[in-house]
Amino acid sequence: MSGSVPVAKALSDIYPLQAIATEAPRWNKLVSRFNDVYGRLPVFVARSPGRVNIIGEHIDYSLYSVLPMAITADALIAVTATPVKQGASTFRIRIANLQDSRFPAKDFEVPLDGDIDIDATQFEWTNYFKSGLRGALGLLRSKKGQEWTPCDMDILMDGNVPVGGGLSSSAAFVSASALAVLTANDHTPVDKKELTELAIVSERAVGVNSGGMDQAASVFSEQGSALFVSFSPSLNARPVKFPPTRPELCFVIAQSFVTSNKQVTGPIHYNLRVVEVSLAAAYLNAVLNPPGIELPEDAGPLKTSLQSFHDVFFVKQSGSDYAAAKTLSKEQELENLVTLTKEKLTQEQGYTKEEIAKVLNLSVEQLEKRFLSSFPIRAERFKLRQRALHVFTEALRVIRFLTLLERPLHTGASDTSPFNIALGALMNETQDSCRDFYECSCPEIDQICQIARAAGAYGSRLTGAGWGGCSVHLVPADKVSDVKSALEKEYYATKDLTEEQRASAVVVSRPAGGSALYYVE
Ligand code: NG1
Ligand code: MG
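A brief look at the structure comes next. Note that the coordinates shown come from a computational prediction; the quantities given were computed from them, not determined experimentally.

## Comments concerning the overall build of the chain
Alright, step 1. The helix and strand inventory of the chain stands at 17 helices and 12 strands.
Alright, step 2. In the chain, buried positions account for 56% of the 521 residues.
Alright, step 3. Counting only contacts in the chain whose residues sit at least 6 apart along the sequence, the fraction spanning at least 24 positions is 76%.
Alright, step 4. A total accessible area of about 21700 Å² is found for the chain, and carbon and sulfur atoms account for 51% of it.

## Concerning the pairing of strand 2 (residues 67-82)
Alright, step 1. Counting buried positions over the 16 residues of strand 2 gives 14, a clear majority of the element.
Alright, step 2. Pairing between strand 2 and strand 5 (residues 152-159): 8 bridges, direction antiparallel. By the bridge assignment for strand 5, Ala78 is matched with Leu156.

## Thoughts on the environment of Ile268
Alright, step 1. Looking at the secondary structure, you find Ile268 in the loop between helix 6 (262-265) and helix 7 (270-288).
Alright, step 2. Spatially, the C-alpha atoms of Ile268 and Val506 are 29 Å apart, while their sequence positions differ by 238 residues.

## Brief notes about helix 16 (residues 480-490)
Given 3.6 residues per turn, any residue in an α-helix points the same way as the ones three and four places further on.
Alright, step 1. Residues Val480, Val483, Ala486 and Leu487 constitute the buried set of helix 16. Each buried residue of helix 16 lies within a common arc of 135° when the element is viewed along its axis, so the set occupies one face.
Alright, step 2. The inward-facing, buried residues of helix 16 contact strand 8 (249-255), helix 15 (443-454), strand 10 (470-476) and strand 11 (506-509).

## Topic: the sheet that holds strand 10
Alright, step 1. Strand order in the open sheet made by the 4 strands is 9-10-8-11, with antiparallel pairing throughout. Edge strands, defined here as strands with exactly one partner in the open sheet, are strand 9 (459-463) and strand 11. Within this sheet the neighbouring strands show an average axis-to-axis angle of 25°, counted without direction.
Alright, step 2. Across 5 bridges, strand 9 lies against strand 10 in antiparallel orientation. Residue pairing for strand 10: Leu462 is matched across the bridge by Ser471.

## A closer look at a nonpolar patch on the surface
Alright, step 1. Together, Val7, Val43 and Tyr519 make up a nonpolar patch on the protein surface, roughly 240 Å² of accessible area in all.
Alright, step 2. Tracing the sequence through the fold places Tyr519 in strand 12 (residues 516-519).

## Concerning the packing of helix 15 against helix 16
A pair of packed helices is captured by two measures, namely the crossing angle of their axes and the spacing between those axes.
Alright, step 1. Put simply, helix 15 and helix 16 touch, their axes get as near as 9 Å, and they point 135° apart. For the element pair helix 15 / helix 16, the angle class is oblique. In this structure, the crossing between helix 15 and helix 16 has a hand that is right-handed. The residues of helix 16 that touch helix 15, namely those facing Gln447, Ile448, Ile451 and Ala452, are Val483, Ala486, Leu487 and Glu490.
Alright, step 2. A per-class count over the contact of helix 15 with helix 16 returns 6 nonpolar, 1 polar and 1 charged.

## Observations concerning the sheet that holds strand 2
Alright, step 1. Taken together, the 6 strands give an open sheet; going across it, the order is 4-3-5-2-1-12, and neighbouring strands pair in mixed fashion. The open sheet is flanked by strand 4 (106-111) and strand 12, the only strands paired with a single partner. Going from strand to strand, the sheet's axes swing by 25° on average, the running direction of each strand aside.
Alright, step 2. Here strand 1 (residues 44-55) runs beside strand 2; their pairing, made up of 10 bridges, is antiparallel. Its bridge partner lying in strand 2, Pro49 is registered against Asp74.
Alright, step 3. Where helix 2 (residues 126-144) meets the sheet, it contacts strand 3 (90-97), strand 4 and strand 5, and its direction lies at approximately 145° from that of strand 3.
Alright, step 4. In the packing of helix 3 (residues 169-185) onto the sheet, contacts are made with strand 1, strand 2, strand 5 and strand 12, and the angle to strand 1 comes to roughly 150°.

## Digging into the environment of Ala395
Alright, step 1. The residue Ala395 is located in helix 13 (residues 384-406) in this model.
Alright, step 2. Accessibility expressed as a relative area gives 5% for Ala395, which makes it buried.
Alright, step 3. Linking Ala395 and Ser65, residues 330 residues apart in sequence, is a C-alpha distance of 6.8 Å.
Alright, step 4. Sequence-distant contacts of Ala395, that is, excluding residues within four places in its chain, are made with Ile59, Tyr64 and Leu334.

## Here's the deal with the packing of helix 10 (residues 330-344) against helix 13
Alright, step 1. It is at 9 Å that the axes of helix 10 and helix 13 come closest, and there the two elements cross at 160°. Taken together, helix 10 and helix 13 sit at an angle that is classed as roughly antiparallel. Remark: the crossing between helix 10 and helix 13 carries left-handed chirality. On helix 13, the residues touching Lys330, Glu331, Leu334, Glu335, Leu337, Val338, Thr341 and Lys342 of helix 10 are Arg385, Ala388, Leu389, Phe392, Thr393, Ala395, Leu396, Ile399 and Arg400.
Alright, step 2. Of the residues in the contact of helix 10 with helix 13, the class split is 9 nonpolar, 2 polar and 6 charged.

## Some thoughts on the packing of aromatic side chains
Alright, step 1. The final tally for this structure, using the stated rule, is 14 aromatic pairs.
Alright, step 2. Each ring, one from Trp27 and one from Tyr518, has its centre 5.5 Å from the other, and the planes form 75°; the classification is edge-to-face. Linking Trp27 in helix 1 (residues 20-38) with Tyr518 in strand 12, this pair joins segments that are 491 residues apart in sequence.
Alright, step 3. Relative to Phe173, the ring of Tyr128 lies with its centre 6.1 Å away and its plane at 40°, an arrangement referred to as tilted. Separated by 45 residues along the polypeptide, Tyr128 in helix 2 and Phe173 in helix 3 bring together distant segments of the chain.
Alright, step 4. Its relative accessible area of 15% is what places Tyr128 among the buried residues.
Alright, step 5. Residue Phe173 is classed as buried on the basis of its relative accessible area of 7%.

Scoring rules and cut-offs
Residues numbered from 1 in each chain as written. Chains lettered and ligands numbered in written order. Predicted model: local features only at pLDDT ≥ 70, side-chain atom pairs only at ≥ 80, totals over all residues. Heavy atoms only, no water. Helix = DSSP H or I, 4+ residues; strand = E, 2+ residues; numbered from the N terminus. Buried < 20%, exposed > 50% of the residue type's maximum accessible area, 1.4 Å probe, protein only. Contact = heavy atoms within 4.5 Å. Areas by Shrake-Rupley, 256 points an atom, 1.4 Å probe, with all protein chains shown as cover. Pairing = 2+ DSSP bridges. Arc of directions from axis to C-beta. Axes fitted to C-alpha atoms, helices over the stretch in contact; angles between N-to-C directions. Patch = residues over 30% accessible without salt bridge, like charges linked within 9 Å, V, L, I, M, F, W, Y side chains within 5 Å. Salt bridge = Lys/Arg side-chain N within 4 Å of Asp/Glu carboxyl O. Parallel < 35°, antiparallel > 145°, perpendicular 65-115°, else oblique. Left-handed = near helix turned anticlockwise from the far one by under 90°. Nonpolar A, V, L, I, M, F, W, Y, C, P; charged D, E, K, R; others polar. Phe/Tyr/Trp six-rings, centres within 6.5 Å; stacked < 30°, edge-to-face > 60°.

Spelled out as structure tokens, the structure:
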């Protein structure tokens, strides 16, 4: 599925019906404030949403498929663009935010052929815009040649995806920024795949070595559907509808209000996991395969980088019978990998650099250079067994979840509880694996999941990177208010929260559309 970013004619092209009454005043405010700040109306608004991940956590950067959906909350970027003045050597960006007390306005200039400076060590709200700008300029320059010059832009931004809340405010902001810059500078439609790939690479400039789930969900989602995203052999996304069920199913999103600000914790938690899975893949490769085995050409997308677990399997099989190995189903392949991990990665307490280097036939310095130098990491031991087990079992759960959705066995049943329970059970298993193997949950999220399940949720788990942030719950429609009030009584009432936090703590989420452009007349 590809195509270009749609131009919305009305807000109903973007949001589910229930959301329009609250969204319309927000858009009006953005447009009229733009007029106050810059003295004219914006020409267009670029929009990209946050997402909730239904299943498939921390496996996108190992190139396994995931199943997120876009939410209503989004980043809106209102824009006017003007050609640079004759003889100018720089282009100018004026950028302001509707929440100007938290995110003050900023102007900056960039040499016409220059690069964008981003200081990823400082939290600065315009960094996300700058990273989208940088990616977009790179793409425009590669298409239009070095003679081409960017235009000046005036920008007003409004975002209502909670920051650090696990709903991917960053991907929404980066994708909307890149879309805004591409549209301001080039009047041809923006290709969704190009935009997504650009946003993935751009976001890494802000200091997190992330996968591509959030950006794909933000750009590709379609109203009313979840999105199945795969990364191998190349990025692909297709909408997946939930079949009708009885009782009807809802996704409830509950905040923990434990902030996982990746600007602060990223270097410690997230990037370390990316390193651990790369090391686990390399380690398994090394112990499963006699040295000198030549990988077949189609062995895997990242054959030489060892970032991908896909290689492990293919290498193992290629020793004897690669063709036969290729006939295994994805599920069989993953089941094999679970068994192999249990056999070969036996150290529960983790592995030191020295131990890993020895197996990889590298010096510790070479290991550090290859695996530990792109982002700062601090760790004594690397838990390769647990991380690999999470990745393979989670990839399996995504396949099983998708299979349930696409081949529901209950068609026509008056009660689809067994189906609903099966979906929920997979989500609960994800939570256990995130807590025990990937160690990316936190006590508050564990508690929220218990409360919600006891009040009637079929499945409850963290969503997004974890270590705080948000949780997602699969709930029968007739239990939504029970789940809400149990969380209110047993969790939120025990926390010191503002009125506003209380009001936004739990929402029922309907799948919204992805990136869109809206022209202001
Ligand atoms: P969050 O931190 O929730 O936006 C992160 C990564 C994803 C994915 C999830 C875990 C970024 C931009 N996104 O999401 O790619 O790896 O964690 O499944 O860092
Ligand atoms: Mg993020």
